[in-house]
Amino acid sequence: SPEISIKPGLNIGYRSLSSDEEFADDVDGLAVNVSIEGQYHMLDSPVIPFVDLGFLSQPTGGNEFADITWAPIMYISFGAAYGFY
């Protein structure tokens, strides 16, 4: 509809962590994230409220000392964007 936008997302990327501790330094990982964002376009207003629901995960990663992975972690965020016509 003209008032609502739905934006699905799939993000695949690279994560890196450095630390002063040798066992936690030079950690690399594969980021796999999924999200869906809903926006409501109010008539005659530049304000666009939104809600974003998704999962963050790292199915593989680590360094020479340890594997660092985690299962999907759910998140929800909301806010307002501004669109100018």
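Residues numbered from 1 in each chain as written. Predicted model: local features only at pLDDT ≥ 70, side-chain atom pairs only at ≥ 80, totals over all residues. Heavy atoms only, no water.

Participant: Outline the overall build of the protein, supporting the account with residue identities and numerical values.
Facilitator: On a plain count of helices and strands, the protein comes out with zero helices and four strands. When the helices and strands of the protein are placed in sequence order, the string is β-β-β-β. Taking 85 residues into account, the globule formula puts the C-alpha radius of gyration at 12 Å, and the protein, at 18 Å, lies well above it. With the principal axes as the frame, the protein shows a C-alpha extent of 55 × 25 × 15 Å. Per-residue burial for the protein yields a buried fraction of 24% across its 85 residues. For the protein, the accessible surface area stands at approximately 6,200 Å², while carbon and sulfur atoms represent 62% of it. (Helix = DSSP H or I, 4+ residues; strand = E, 2+ residues; numbered from the N terminus. Rg over C-alpha atoms; globule rule 2.2 N^0.38 Å. Buried < 20%, exposed > 50% of the residue type's maximum accessible area, 1.4 Å probe, protein only. Areas by Shrake-Rupley, 256 points an atom, 1.4 Å probe, with all protein chains shown as cover.)

Participant: Describe the sheet that holds strand β4 (residues 70–82), with residues and values.
Facilitator: Across the sheet, four strands lie side by side as β1-β2-β3-β4; this open sheet has antiparallel pairing. Of all the strands in the sheet, the pair left with one neighbour each is β1 (4–17) and β4. Averaged over neighbouring strand pairs, the angle between their axes works out to 20° when direction is ignored. (Pairing = 2+ DSSP bridges. Axes fitted to C-alpha atoms, helices over the stretch in contact; angles between N-to-C directions.)

Participant: Before we move on, could you go through the pairing of strand β3 (residues 47–62) and cite the residues and values that matter?
Facilitator: When strand β2 (residues 27–40) meets β3, the two strands line up antiparallel, connected through 11 bridges. By the bridge assignment, E37 is partnered in β3 with D52. Turn length for the β2-β3 hairpin, with the two strands adjacent in sequence and antiparallel, is six residues, and the turn residue D44 shows positive phi of about 55°. Alignment of β3 against β4, held across 11 bridges, turns out to be antiparallel. When the bridges of β4 are listed, G54 appears paired with Y75.

Participant: Lay out the side chain of N33 with the relevant residues and their values.
Facilitator: Along the polypeptide, N33 turns up in strand β2. Within the local environment of N33, its side chain forms a polar contact with the side chain of R15, the two groups lying 3.3 Å apart. Filtering out sequence-adjacent residues up to four positions away, N33 remains in contact with G9, L10, N11, R15, F55, L56 and S57. (Polar contact = N/O pair within 3.5 Å; in protein donor to acceptor, adjacent residues only side chain to side chain. Contact = heavy atoms within 4.5 Å.)

Participant: Pulling in residues and values, what's your account of unusual backbone geometry?
Facilitator: In this structure, D26 takes a positive phi of about 55° despite not being glycine. Mapped onto the elements, D26 comes out in the loop between β1 and β2.

Participant: I'd like a description of the environment of P49, backed by residues and values.
Facilitator: Following the sequence through the fold, P49 ends up in strand β3. The class for P49 is partly exposed, based on a relative accessible area of 28%. Separated by 32 residues in sequence, P49 and A81 have C-alpha atoms that sit 6.3 Å apart. Contacts of P49, omitting those with residues within four sequence positions, involve G38, Q39, Y40, M42, G79 and A80.

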